[in-house]
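Breakdown of the fold
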Amino acid sequence: MDEVFQNQGESDAPAAAGSDDARGLRVLRLIEHLAGATLPLTLSQLAARMQVPKATMMRTLDNLERHGYVLRTPFGRGYVPGAAATNMALITLRNNALIRLCRGILGNLVAATGENCNLAVPKGNVVVYIERVETDQPLRLHLVPGAEAPMHCTASGKLFLSRLSLAEQRKLVSTLPLTRMTPKTITDPARLSAALAQVAKQGVGIDDEEYILGMVAIAVPICAADGQVVAAVACHASEARKSARQLLEYRPRLEQAALEMRPLLME
């Protein structure tokens, strides 16, 4: 990422005080702006928000795009975080110290529910399981940390989709491969949109045998200060042992776990 800080002209001096540290901080703040935006941000918007000249911002964006930290949307209308920025965020979330703390919270949740519990984050159009603690029950879903799952048929994925703006949600749903995983998987975009509206209203994601036949799950959000959902805490169970409705009885415990994890992920 070193080259990102190079090729900066003298026009950077007023905004960056001529220091590599200041320029490095500007890059991090730029990625933070993009990650927190609900829609792609344009060159003009980013320059105004960060109070730097457009020429300086353009050079920085070009360097970041070349290294994969930002992605220019079609027709050059704006910028979003790139794959390298997403991978950096996931590596941070998988930090050993952070994972140990989250694992302790998930362990307490498993002890209270008797079912598998996990921490998940969105990555593009899939869900990534960052950490997971399993129950000792004989019937259980086994997913290793780092495993990916579809958005449209998982409790966490539907929760993430439901919290997007309507425009973003429609755009993403129209491009998702709505693969039928089980007879209960919703594969019609209109029906999925209606289901996501219900998830948004209830504030909890539900997977009623939509991902894996015989398995149910619920998920609650971990939110940033601005309300953006950055992760989800989910609980999975065998339908032979508990129904999705029965899992909802554990919602307060999941929400408490989410509150405990929030400062770990946000600070």
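Check the entry above for the structure.
1. Brief notes about the nonpolar core
Counting residues in each nonpolar core, the largest one holds 31 residues, and the members touching the most others are Leu119, Ile222, Val233, Leu254 and Met261. Mapped onto this core, the elements with two or more residues apiece are α6 (96–113), β3 (116–123), β4 (126–133), β7 (215–223), β8 (229–238), α10 (244–247) and α11 (251–266). Considering each element in turn, this core owes the most residues, six residues, to α6. Not counting chain neighbours up to four residues away, the residues in contact with Leu119 comprise Cys102, Leu106, Val128, Tyr129, Ile130, Glu131, Ile222, Ala231, Ala232, Met261 and Leu265. Leu143, Ala195, Ala217 and Ala232 belong to the second-largest nonpolar core, a separate cluster that totals 26 residues.

2. Here we look at unusual backbone geometry
The backbone phi angle of Gln51 is positive, close to 55 degrees, even though this residue is not glycine. Topologically, Gln51 is positioned in the loop between α3 (43–50) and α4 (54–66).

3. A short note on helix α7 (residues 155–162)
By the criterion of burial, α7 is predominantly enclosed, with eight of the eight residues buried. Looking only at α7, the buried set comprises Ala155, Ser156, Gly157, Lys158, Leu159, Phe160, Leu161 and Ser162.

4. Some details on the pairing of β4
Burial runs high along β4: eight of the eight residues are buried. Summarising the sheet, β3 and β4 pair through seven bridges and their orientation is antiparallel. Looking across to β4, one finds that Ala120 is bridged to Tyr129. A loop of two residues connects β3 with β4, the two strands running antiparallel in sequence, and Gly124 in this loop sits at a positive phi of about 65 degrees. Here three bridges tie β4 to strand β5 (residues 148–150), and the two strands are oriented antiparallel to one another. The residue of β5 that forms the bridge with Val127 is Ala149.

5. Re the pattern of salt bridges
Overall, the coordinates contain nine salt bridges when judged by the stated rule. Between Glu255 and Arg251 there is a salt bridge, with the nearest N and O atoms lying 2.8 Å from each other. Here Glu255 and its partner Arg251 are both found in helix α11, four residues apart, which amounts to about one turn of the helix. Residue classification places Arg251 among the partly exposed residues on the basis of a relative accessible area of 24%. Where salt bridges share partners, they join Asp62, Glu65 and Arg72 into one cluster.

6. Focus on the sheet that holds β7
On the basis of which strands lie adjacent, the open sheet formed by six strands has the order β5-β4-β3-β8-β7-β6 and antiparallel pairing. Unpaired on one side and paired on the other, β5 and β6 (205–208) mark the two borders of the sheet. Each neighbouring strand pair of the sheet contributes to a mean axis angle of 30 degrees, computed without reference to strand direction. Note: β6 against β7, four bridges, orientation antiparallel. Paired with Asp208 across the bridge in β7 is Val216. Along the sheet, α7 contacts β3, β4, β6, β7 and β8; its crossing angle with β7, the most-contacted strand, is approximately 40 degrees.

7. Notes on the state of the cysteines
Here, disulfide denotes a covalent bond that connects the sulfur atoms of two cysteines. Under the criterion given, the structure shown has zero disulfides. Free of any disulfide, Cys235 has its nearest cysteine sulfur in Cys117, 4.0 Å distant. Among the residues examined, Cys235 registers a relative accessible area of 0% and is labelled buried.

8. Points about the environment of Leu178
Note on placement: Leu178 falls in the loop between α8 (166–175) and α9 (189–202). Sequence separation of Leu178 and Leu192 is 14 residues, and the distance between their C-alpha atoms is 9.4 Å. Residues contacting Leu178, with those up to four places away along its chain left out, are His152, Val173, Ile186, Thr187, Asp188, Pro189 and Leu192.

Rules of the game
- Residues numbered from 1 in each chain as written.
- Predicted model: local features only at pLDDT ≥ 70, side-chain atom pairs only at ≥ 80, totals over all residues.
- Heavy atoms only, no water.
- Core = buried A, V, L, I, M, F, W, Y, C linked by side-chain atoms within 4.5 Å.
- Buried < 20%, exposed > 50% of the residue type's maximum accessible area, 1.4 Å probe, protein only.
- Helix = DSSP H or I, 4+ residues; strand = E, 2+ residues; numbered from the N terminus.
- Contact = heavy atoms within 4.5 Å.
- Pairing = 2+ DSSP bridges.
- Salt bridge = Lys/Arg side-chain N within 4 Å of Asp/Glu carboxyl O.
- Axes fitted to C-alpha atoms, helices over the stretch in contact; angles between N-to-C directions.
- Disulfide = S-S within 2.5 Å.

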